[in-house]
Amino acid sequence: MAQEIIVVHGNNTLTGTVSASGAKNSALKLMAASILARGECVIRNVPLISDIDVMSDVLVELGARVDRNGHAGRDEHVLTIDTSGIDSFETPYELVSKMRASIAVLGPLIGRFGRAFVAMPGGCQIGARKIDMHLRGLEALGVVFSVEHGYLRAETPSGLIGAHIVLDFPSVGATENAMMAAVVAEGETVIANAAREPEIVDLANMLNDMGARVSGAGGSIITIEGVPLESLHPCDHTTVSDRIEAGTFLVGGALTGGPVTVKNIDPSFLRMALAKLREMGCKVEEGPDSITVSRTEPLRPVEIQTLPHPGFPTDLQAQFMLLAACAQGTSVITENVFENRFMFAAELARMGAEISIEDHHSLVRGGRPLQGAPVSSTDLRAGAALVLAGIVADGETRVHKISHIDRGYEDYVGKLRSLGADVSRQLPYRNHRATVRVETED
């Protein structure tokens, strides 16, 4: 069957209220952390997205039982993970290649077995996608790595020993892998220049719920006092809400005027993004666990630099590039985190935006009306932004490769429709203008 596409008819309408789902980037790591505690962990507020399915497959391949409690009227956003039967420390390429985040099982496998045999994400070389930072942090704890036919073999000849780890860059993945191994290392581990994202705090909270001793998460220095592996126990933990999903819908409110309210989100997770929305002429109202964005004046240009949290999130860069394309004036966006994040610009240009790229800077000349066009998702966040672009564009926009969107947004089309968007999932040629002539004999 042909892969579905998202078809958008521009109506410049988004207004109402949606609720943020559980954070993809947290839930995946919480699932990996369950490896450390034998027995049944319960993880709540888990989003219904394809990346969760892949991580579930990884855990099942290791020997775990994973149950999404969506039967008999139970909440399908609850995962029960029984790790009692995990008897393997090897993850196959076929699964790891589907999702880079599955490298998160490296630290907990080393913590549980003292060894791991994990395919490198996408089959890439160690230095190509900063896997080297994961390895250096773990090497400081006494892990010895070798590469065999595209796989990382990790061993701990003398066991895991607490250490002082200084990360070259506050990498989220490297911080998480080091944390999950260090909780069972002998002695104290200090991670300096640690990532500070809310998802790091969420992981630390779950590890502590399991009996670990982690302090300082959310700051640049995390301290971990190692405990014996057998002292860790299963827990019941609720995933933090997805700040990037929330930010995406808030950008939708800014684009169309709104008001759009996102519930179930802590405004402190999005401080820099909210400041930029205000700078662009939006009204932003914050509640204890909600944010509302509206706009009555033209969008103003902005300067943005993506940085690790609490800086401007790279995962909202594409959405704000779209905002900049609709602003009255020229904006400058600098991408400091991922070198390939500007691939989205070429797709937005197909819709009429004027964007020039030089190195890791983009110059966005706003104010040009967008036109509906066939476009392709280049990544998860770009795909979500292209659908938003279709809502404010003239005519029909057909977004291809929406499997990227399904990786991280639960029922994206349904939530947009609830806000008034004219958007649907279709097979590629449904209602297409092309016709096929059928010849018949008289």
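Presented here is a report on the structure given in the accompanying data block. The residue count restarts for each chain, going from 1 along the sequence in the order it is written. For this predicted model, a pLDDT threshold of at least 70 governs which residues receive local features, and a threshold of 80 or more governs which side-chain atom pairs are given and counted, while totals over whole chains, interfaces and linings are taken from all residues. Calculation of side-chain values draws on the structure's entire complement of heavy atoms; hydrogens and water are dropped beforehand.

Things to note about the packing of helix H8 (residues 243-256) against helix H12 (residues 380-392)
Stated formally: Throughout, an axis means a line fitted to C-alpha atoms (over the contacting stretch in the case of helices), and angles, computed between N-to-C directions, take values from 0 to 180 degrees. Secondary structure counts use DSSP, requiring at least four H or I residues in a row for a helix and at least two E residues in a row for a strand, with both numbered from the N terminus. The scheme is simple: roughly parallel for angles under 35 degrees, roughly antiparallel for over 145, roughly perpendicular for 65 to 115, oblique for anything else. By the definition used in this description, the sense in which the near helix is turned from the far one sets the handedness, with an anticlockwise turn below a right angle giving left-handed and a clockwise turn giving right-handed. Two residues form a contact once any of their heavy atoms are found within 4.5 Å. By the convention adopted, Pro, Cys, Tyr, Trp, Phe, Met, Ile, Leu, Val and Ala count as nonpolar, Lys, Arg, Asp and Glu as charged, and the other residues, Gly among them, as polar.
With their axes 10 Å apart at the nearest point, H8 and H12 run at an angle of 20 degrees to one another. As summarised for this structure, H8 and H12 are arranged roughly parallel, according to the angle between their axes. Between H8 and H12 lies a crossing of right-handed hand. Residues Ile244, Thr248, Val251, Gly252, Leu255 and Thr256 of H8 form the contact with H12, whose participating residues are Arg381, Ala384, Leu388, Ile391 and Val392. Here the residues of the contact of H8 with H12 are counted per class, giving 7 nonpolar, 3 polar and 1 charged.

Remarks on the packing of aromatic side chains
Here is the rule we go by: Pairing of aromatic side chains requires ring centres within 6.5 Å, counting the rings of Phe and Tyr and the six-membered ring of Trp. Pairs whose planes differ by under 30 degrees are stacked, by over 60 edge-to-face, and all others tilted. A 1.4 Å probe rolled over the protein chains alone gives each residue an accessible area, and that area as a share of the maximum for its type sets the label: buried under 20%, exposed over 50%, partly exposed in between.
Summed over all chains, the structure comprises 5 aromatic pairs. Taking 4.9 Å as the distance between ring centres and 45 degrees as the angle between the ring planes, the aromatic pair formed by Tyr409 and Tyr412 counts as tilted. A relative accessible area of 2% means that Tyr409 is categorised as buried. Tyr412 sits in the buried class, given a relative accessible area of 3%.

What about the nonpolar core?
Defined as follows: The criterion is simple. A nonpolar core is a set of buried Ala, Val, Leu, Ile, Met, Phe, Trp, Tyr and Cys residues joined through side-chain atoms within 4.5 Å.
Leu106, Ile110, Met179, Val183, Ile191, Leu207 and Val214 are the most contacted members of the largest nonpolar core, which has 73 residues in total. Every residue in contact with Val183, bar those within four places of it in the chain, is listed here: Leu36, Leu207, Ala212, Val214, Ile224, Glu225, Gly226, Val227 and Leu232. Listed in part, the 72 residues of the second largest apolar core include Cys282, Val302, Leu323 and Ala373.

Quick notes on the sheet that holds strand E22 (residues 374-376)
How we decide: The pairing criterion is simple: DSSP has to find at least two bridges between the two strands.
Spatially, E22-E23-E1-E24 is the arrangement adopted by the 4 strands of the open sheet, whose pairing is mixed. At either margin of the open sheet sits one strand with a lone partner, and together these are E22 and strand E24 (422-426). This sheet shows a mean twist of 25 degrees between the axes of neighbouring strands, independent of strand direction. Where E22 and strand E23 (residues 396-400) come together, 3 bridges link them in parallel fashion.

Observations regarding a negative patch on the surface
Keep this limit in mind: Excluding any residue in a salt bridge, patches collect residues exceeding 30% relative accessible area, merging like charges within 9 Å and nonpolar Val, Leu, Ile, Met, Phe, Trp and Tyr side chains within 5 Å. For accessible areas, the Shrake-Rupley method is used with a probe of radius 1.4 Å. Any residue's cover is judged against the shown protein chains and nothing else. The salt bridge definition used is simple: a Lys or Arg side-chain nitrogen within 4 Å of an Asp or Glu carboxyl oxygen. By the counting scheme adopted, Arg and Lys are positive, Glu and Asp are negative, and His together with the chain ends is not counted. In this description, the location of a charge corresponds to atom NZ of lysine, CZ of arginine, CG of aspartate or CD of glutamate.
There is a patch of like negative charges on the surface, built from Asp53, Asp57, Glu61, Glu90 and Glu94. The element best represented in the negative patch is helix H2 (residues 50-62), accounting for 3 residues.

Looking at the sheet that holds strand E14 (residues 236-238)
The strand order across the open sheet formed by 4 strands is E4-E5-E3-E14, and the pairing between neighbours is mixed. Unpaired on one side and paired on the other, strand E4 (65-68) and E14 mark the two borders of the sheet. Between one strand axis and the next, the sheet turns through 15 degrees on average, direction left out of account. Pairing between E4 and strand E5 (residues 79-82): 4 bridges, direction antiparallel. Note that in E5 the partner of Arg65 across the bridge is Asp82.

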